[in-house]
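# Summary of structural features
Residues per chain, in single letters:
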Amino acid sequence: MNAMQAFSRRRDTVRAVAVSQVEPQTGHLADGFGRRFYYLRLSVTEVCNFRCSYCLPDGFRKTAPSSFLGVEEIARLTNAFARLGVAKVRLTGGEPTVRGDIGEIISRVAATPGIGKVAMTTNGWNLHRHVAAWHAAGLTNLNISIDDLDAARFAAITGRDRPDQVVAGLDAALALGMGAVKVNAVLLKASVSDGFDRFAEFVKARPIAVRFIELMRTGDNADYFAANHVPGAVLKAWLEARGWSARPRAFDDGPAIEYEHPDYLGRIGLIAPYGAGFCDSCNRLRVTARGKLRLCLFGEGGVDLRDLLADEQPGPIAVRVKAALLGKSAGHRLHEQHSGDTRHLAQLGG
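This report concerns the structure included in the present document. (Residues numbered from 1 in each chain as written. Predicted model: local features only at pLDDT ≥ 70, side-chain atom pairs only at ≥ 80, totals over all residues. Heavy atoms only, no water.)

### Looking at the overall build of the chain
How we decide: Only DSSP runs of H or I covering at least 4 residues are called helices, and only runs of E covering at least 2 are called strands; the numbering of each starts at the N terminus. The Shrake-Rupley method, run with a 1.4 Å probe sphere, supplies the accessible areas, and residue values consider only the shown protein chains as cover.
Secondary structure assignment for the chain yields 10 helices and 12 strands. Carbon and sulfur atoms form 52% of the exposed surface of the chain, whose accessible area is close to 14900 Å².

### Comments concerning the sheet that holds strand β1 (residues 39-43)
Note the threshold: Two strands form a pair only when DSSP identifies at least two bridges running between them.
The mixed open sheet is built from 12 strands, whose spatial order is β7-β8-β9-β6-β5-β4-β3-β2-β1-β10-β11-β12. The outermost strands of the open sheet, each flanked by one partner alone, are β7 (245-246) and β12 (303-304). In terms of strand pairing, strand β2 (residues 88-92) meets strand β3 (residues 117-122) through four bridges, oriented parallel. By the bridge assignment for β3, V89 is matched with V118.

### A few points about the packing of aromatic side chains
Our working definition: For Phe, Tyr and Trp, where Trp contributes only its six-membered ring, two rings pair if their centres lie within 6.5 Å, and the inter-plane angle classes them as stacked under 30 degrees, edge-to-face over 60, or tilted in between. Categorising residues by exposure relies on relative accessible area from a 1.4 Å probe, with only protein chains included: less than 20% of the type maximum marks a residue as buried, more than 50% marks it as exposed, and the intermediate range marks it as partly exposed. Criterion for a charge above a ring: Lys NZ or Arg CZ within 6 Å of the ring centre, and within 35 degrees of the ring normal.
Considering all chains together, one arrives at six aromatic pairs under this definition. Arranged with centres 5.4 Å apart and planes meeting at 65°, the rings of F196 and W238 form a pair that is edge-to-face. Remark: W238 occurs in helix α9 (residues 233-241) and F196 occurs in helix α7 (residues 189-202); sequence separation between them is 42 residues. We classify W238 as buried; its relative accessible area is 12%. With a centroid separation of 6.4 Å and an interplanar angle of 90°, the aromatic rings of F199 and F202 are classed as edge-to-face. Placement of both F199 and F202 in helix α7 is noted, with a separation of three residues, approximately one turn of the helix. In terms of burial, F199 and F202 fall into one category: buried. The ring of Y39 has K88 lying over it, and the distance from NZ or CZ to the ring centre is 4.5 Å. Over the ring of Y264 we find K204; its NZ or CZ atom is 4.2 Å from the centre of that ring.

### Let's talk about the pairing of strand β4 (residues 141-145)
Quick reminder of the rule: With its strands directed away from the observer, a crossover is right-handed exactly when the path from the first strand over the helix to the second travels clockwise.
Counting buried positions along β4 gives four out of five residues, so the element sits mostly inside the fold. Here four bridges tie β3 to β4, and the two strands are oriented parallel to one another. By the bridge assignment, T122 is partnered in β4 with I144. Regarding the hand of the β-α-β motif, the stretch spanning β3, helix α4 (residues 127-137) and β4 is right-handed. Note that β4 and strand β5 (residues 180-187) share five bridges and pair parallel. Pairing of L142 across the sheet is with V181, part of β5.

### Describing the nonpolar core
We apply this condition: Think of a nonpolar core as a cluster: buried Ala, Val, Leu, Ile, Met, Phe, Trp, Tyr and Cys residues, connected wherever their side-chain atoms sit within 4.5 Å. Two residues form a contact once any of their heavy atoms are found within 4.5 Å.
Within the largest apolar cluster, 87 residues are counted, with the highest numbers of intra-cluster contacts made by F81, L91 and L285. Considering each element in turn, this core owes the most residues, six residues, to helix α2 (residues 71-83). Not counting residues within four places of it along the chain, the set of residues in contact with F81 comprises L29, L40, V86, L285, V287, L293, L305 and V321.

### Things to note about α2
As a reminder, the rule being used: By this rule the span expected of a helix is its residue count minus one, scaled by 1.5 Å.
Compared with an ideal rise of 1.5 Å per residue, which puts 13 residues at 18 Å, α2 spans 18 Å between its outermost C-alpha atoms and is within 8% of the ideal. Taken together, the buried positions of α2 are occupied by V71, E73, I74, A75, L77, T78, N79, A80, F81 and A82. Lining the buried residues of α2 we find β1, β2, α3 (102-110), β10 (284-287), β11 (292-294) and α10 (315-325). Directly beyond the C-terminal end of α2, a positive phi value near 100° is found at G85.

### Structural notes on helix α5 (residues 151-158)
The condition is simple: This arc corresponds to the set of directions leading from the helix axis out to the C-beta atoms. Under this definition, polar contacts are N or O atom pairs within 3.5 Å; protein pairs additionally need one hydrogen-donor-capable and one acceptor-capable atom, and for neighbouring residues in sequence, both atoms have to be side-chain atoms.
Taken residue by residue, α5 has F154, I157 and T158 as its buried positions. Relative to the axis of α5, the buried residues are bounded by an arc of 80° and lie together on one face. Exposed and oriented more than 90 degrees from the buried face of α5 are A152 and A156. Elements in contact with the buried residues of α5: α6 (163-175). For α5, the N-terminal cap is D150; the gap from its side-chain oxygen to the backbone nitrogen of A152 is 3.2 Å. G159, located one to two residues past α5, shows a positive phi value of around 80°.

### Regarding the pattern of salt bridges
Note the threshold: By convention in these notes, a salt bridge is any Lys or Arg side-chain nitrogen within 4 Å of a carboxyl oxygen on Asp or Glu.
Under the definition given, this model contains 16 salt bridges. A salt bridge links E312 to R76; its shortest N-O distance comes to 3.4 Å. Here E312 is found in the loop between β12 and α10, whereas its partner R76 is found in helix α2, with 236 residues between them in sequence. For E312, a relative accessible area of 58% translates into the label exposed. Given the relative accessible area of 23%, R76 is considered partly exposed. Where salt bridges share partners, they join K182, R247, E258, E260 and R267 into one cluster.

### Concerning the side chain of R90
Among the secondary structure elements, R90 is positioned in strand β2. Looking at R90, the relative accessible area reads 4%, which means it is buried. In this structure the side chain of R90 is engaged in a polar contact, spanning 2.8 Å, whose partner is the side chain of Y39. Side-chain polar atoms of R90 contact the side chain of T121, separated by 3.1 Å. Among all residues touching R90, those that are not within four sequence positions of it are Y39, L40, R41, L42, A119, M120, T121 and N143.

Written as structure tokens, this is what we have:
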């Protein structure tokens, strides 16, 4: 058995043990279509310090008071969802690490009975400095946004010129033995030429997953979408032509279909919201940084939970969430060029 085969066997064993330890015995949250919800995406801020061309090309602009959920409110909210069968919480933004108390937030979420995975999605701007402390606080899973590995392309997309520093943070997370480290890259026309090749080489010796996310139309990016959108089928065809094959999904995985190859330690995945049946396996709920439950990233309005967070009793939250789930639709309406009231992804945490 060579080193790569040994790593693959060890990885599969760890994955199986992790799922068996985290998967709830019963699903307490379900909608009218029989979908069960084990996964909460919790935004902790709308602020972002990048200027990504597909999201905030002009940078973050404050449009309302920054009255984001406090640490105690986050702890109570997490406890209520854990009692409803949620086993995985992902901290999102904006950029969650702009909060000075993000380490305390991670610690409080990780200490919640029933929560087996604490994940965070970050642009990685200060990851190399703080990842060890965040891991010690209880961070188990990490998603890092790297839209291109070429320095010039990275700067053109994000407005920042620091891809090497972001990659250094990723490698530091790997050195810590963090359970799952993944990269998110928005699928753009510019990715098709040589971006796939760069990322394939990147995962050859790194046990990570790079997931290309199909560009989604939001309220603010209609022209950009029209000029840059590429169907996810393009990546799928590229992978299959080179011998990559789809792997099974765990119960609390997100919507990515990940592909693996015997010659690579890492994986390449695709998140294709415009693909058929994308919403059929939806397993996550979202709460905004101001405490609103969102049943769909591309829905409208939301159900306010914040007024219930002054009380430590989780019962009223459970009642409101369960009632709201009865109104969850079968799927989004992106195919109709309808993105709800989502102006940009930083607004709701993606």
